[in-house]
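For reference, the chains in residue letters:
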Amino acid sequence: VGITDFAPMDFKEGDEWVGFDADMAKAFAKELGVKVEFVEIDWDNKAIELANKSIDVVWNGMTISDEVKAAMDVSNAYCNNAQMVIVKADVADNYKTAEDCKTLKFAVEAGSAGKEQAIANNFNYTEVDVQSKALVEVAAGTSDAAIIDALMAGAMIGEGTSYANLKGTVILNAEEYGVGFR
């Protein structure tokens, strides 16, 4: 199973992968009578990993898009999500629409739906290898904003989290998640 660190869908507790998708993959493997093996992948190379057979499935909160469907077979959608703009909480009220965000410098995960939204909105962006690093960039001030999955934002930002000073502001689109395979 190709996977990345993407709380709350997939993350490590000690040496074990847990989270919604990781737990679902384990249950699916149990039903098949096989043991699941998780392989941490570079998200931008998910289709290559499948084609090279270094993984059998991508099970990691993968947005179902035309590009994904052209590269692999995809399960029926099992979760709804959206892409969200994340900024420092003290400036969040300044950004209520995608147009308001045009002057920001974004951090986005390579190969992600967030990157697709940065391109679609003509945003200035820098790629990072995982969405959680996009949050680090905003918290450190090296990027003005990030585009990440709303599910991840709900688990990672705001009061009681490591990123209490960050806030979600603009929802850019709705999307569906599925499992990719060849």
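Residues numbered from 1 in each chain as written. Predicted model: local features only at pLDDT ≥ 70, side-chain atom pairs only at ≥ 80, totals over all residues. Heavy atoms only, no water.

Caption draft 1: Structural context of the overall build of the protein. Along the backbone of the protein there are six helices and 11 strands. Rg of the C-alpha trace for the protein: 16 Å, near the compact-globule value of 16 Å for 182 residues, within the 12% margin. Dimensions of the protein, computed from the C-alpha atoms along their principal axes, are close to 50 × 35 × 25 Å. Going through the 182 residues of the protein one by one, you find that 47% of them count as buried. Taking the intrachain contacts of the protein between residues at least 6 apart in sequence as the baseline, contacts between residues at least 24 apart amount to 67%. If you sum the accessible surface of the protein, you get close to 9,100 Å²; carbon and sulfur atoms cover 48% of it. (Helix = DSSP H or I, 4+ residues; strand = E, 2+ residues; numbered from the N terminus. Rg over C-alpha atoms; globule rule 2.2 N^0.38 Å. Buried < 20%, exposed > 50% of the residue type's maximum accessible area, 1.4 Å probe, protein only. Contact = heavy atoms within 4.5 Å. Areas by Shrake-Rupley, 256 points an atom, 1.4 Å probe, with all protein chains shown as cover.)

Caption draft 2: Quick peek at the pattern of salt bridges. The final tally for this structure, using the stated rule, is four salt bridges. The closest approach of N and O atoms between Lys 26 and Glu 16, which form a salt bridge, is 2.7 Å. Of the two residues, Lys 26 is situated in helix H1 (residues 20-32) and Glu 16 in strand E3 (residues 16-18); the sequence distance between them amounts to 10 residues. On the basis of relative accessibility, which here comes to 44%, the residue Glu 16 falls in the partly exposed class. (Salt bridge = Lys/Arg side-chain N within 4 Å of Asp/Glu carboxyl O.)

Caption draft 3: Quick peek at the pairing of strand E5 (residues 57-63). A large share of E5 lies buried, amounting to seven of its seven residues. Where E5 lies against strand E11 (residues 166-181), four bridges are found, and the strand directions are antiparallel. Residue pairing in the sheet places Val 58 in a bridge with Gly 180 of E11. (Pairing = 2+ DSSP bridges.)

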